[in-house]
Amino acid sequence: MSSVRVEVCVDTVQSLEAAIAGGANRIELCSALALGGLTPSMALAQEAARAPVPVYAMIRPRAGDFIYSAGDVDIMANEIALLKEAGLAGIVIGASRDGDLDAPILKRLLAAAGDMGATLHRVFDLLDNPLKTIDVAVDLGFERILTSGGSVNALEGSHRLREFVAYAGGRISIMAGGGINARNVTEIIARTRVHEIHGSFSTVSRHYAHDVQALGFATTRSLSTTDAGTVRNVCNLINND
């Protein structure tokens, strides 16, 4: 398992620092992880660009589905240009239409990214034909696909994840994500044979006053932050198995 890489998704500078301290191999940088992740701010991106590991930015202009208007796509392309200028290593994108990937939109976004790396996000888990989608993602030039195997979490979707890994055959990396933690990470890797895992590896911060939630400024999920010790524990479990 020592060849398995750990990607940590973060949406604050505190979580970014914790992920790096814990030994993350790569960062997925977002805002609003409580909504599944939206495009990060430029200030956070500029800070993250100084990280000693590759940082990939989520490109998602709004919560909800992944069926985008022309205006949405214009914003996404402009965001990619700015994040590329900031020095980030890659992008995390996805777009769908009629149960398939929206290849024209993805081609435009990948063209805007140029030589940046690219991950196809969990829009994959909403599409009708995952094996066909793997082929399309390979043809488009994605490096990896983030997926829970179409299930609520990666453990429940482990059978399909293993199928995806076998079908991909090394043409593209299948990265398991969704509910991965120190208690289940080795089982998920053994079941699926993935070489990359993804998670926030977070704990709920206790230093916020109750009024922050009571007045509607935060939810329990939005108060979660990446924990360096948890990241380190996951990395150690992988490296020592």
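It should be noted that the structure appears before, not after, this text.
Residue numbers run consecutively from 1 along every chain, following the written order of its sequence. For this predicted model, a pLDDT threshold of at least 70 governs which residues receive local features, and a threshold of 80 or more governs which side-chain atom pairs are given and counted, while totals over whole chains, interfaces and linings are taken from all residues. No hydrogens and no water enter the side-chain calculation; it runs on all heavy atoms of the structure.

**Here we look at helix α5 (residues 130-140)**
Here the term buried applies to any residue with accessible area under 20% of the maximum for its type, exposed to any over 50%, and partly exposed to those in between, with areas from a 1.4 Å probe on protein chains only. Secondary structure elements follow DSSP: runs of H or I no shorter than four residues count as helices, runs of E no shorter than two count as strands, and numbering proceeds from the N terminus. Looking only at α5, the buried set comprises P130, T133, I134, A137 and L140. Within α5, the buried residues cover an arc of 130° as seen down the axis, which keeps them to one side. Two residues form a contact once any of their heavy atoms are found within 4.5 Å. Elements in contact with the buried residues of α5: β6 (100-101), α4 (103-113), β7 (117-120), β8 (144-147), α6 (158-168) and β9 (173-177). A positive phi of about 100° marks G141, the residue just after α5. Along the arc lie the directions from the helix axis toward the C-beta atoms.

**Describing the packing of helix α3 (residues 70-86) against α4**
The contact between α3 and α4 brings their axes to 8 Å, and the two run at 20°. Judged by the inter-axis angle, α3 sits roughly parallel to α4. Like other packed secondary-structure pairs, α3 and α4 cross with a definite hand, here right-handed. In this structure, α3 contributes V73, D74, M76, A77, I80 and K84 to the contact, and α4 contributes I105, R108, L109, A112 and A113. Considered class by class, the residues forming the contact of α3 with α4 number eight nonpolar, no polar and three charged. For every element, the axis is a line fit to its C-alpha atoms; helices are fit only across the contacting stretch, and the angle between N-to-C directions ranges from 0 to 180 degrees. Oblique is the label for every angle not falling under 35 degrees (roughly parallel), over 145 degrees (roughly antiparallel), or within 65 to 115 degrees (roughly perpendicular). Working rule for handedness: look at the near helix, and if it is turned counterclockwise from the far one by less than a right angle, call the crossing left-handed; if clockwise, right-handed. Following the grouping adopted for this structure description, the nonpolar residues are Ala, Val, Leu, Ile, Met, Phe, Trp, Tyr, Cys and Pro, the charged ones are Asp, Glu, Lys and Arg, and the polar ones are all others, Gly among them.

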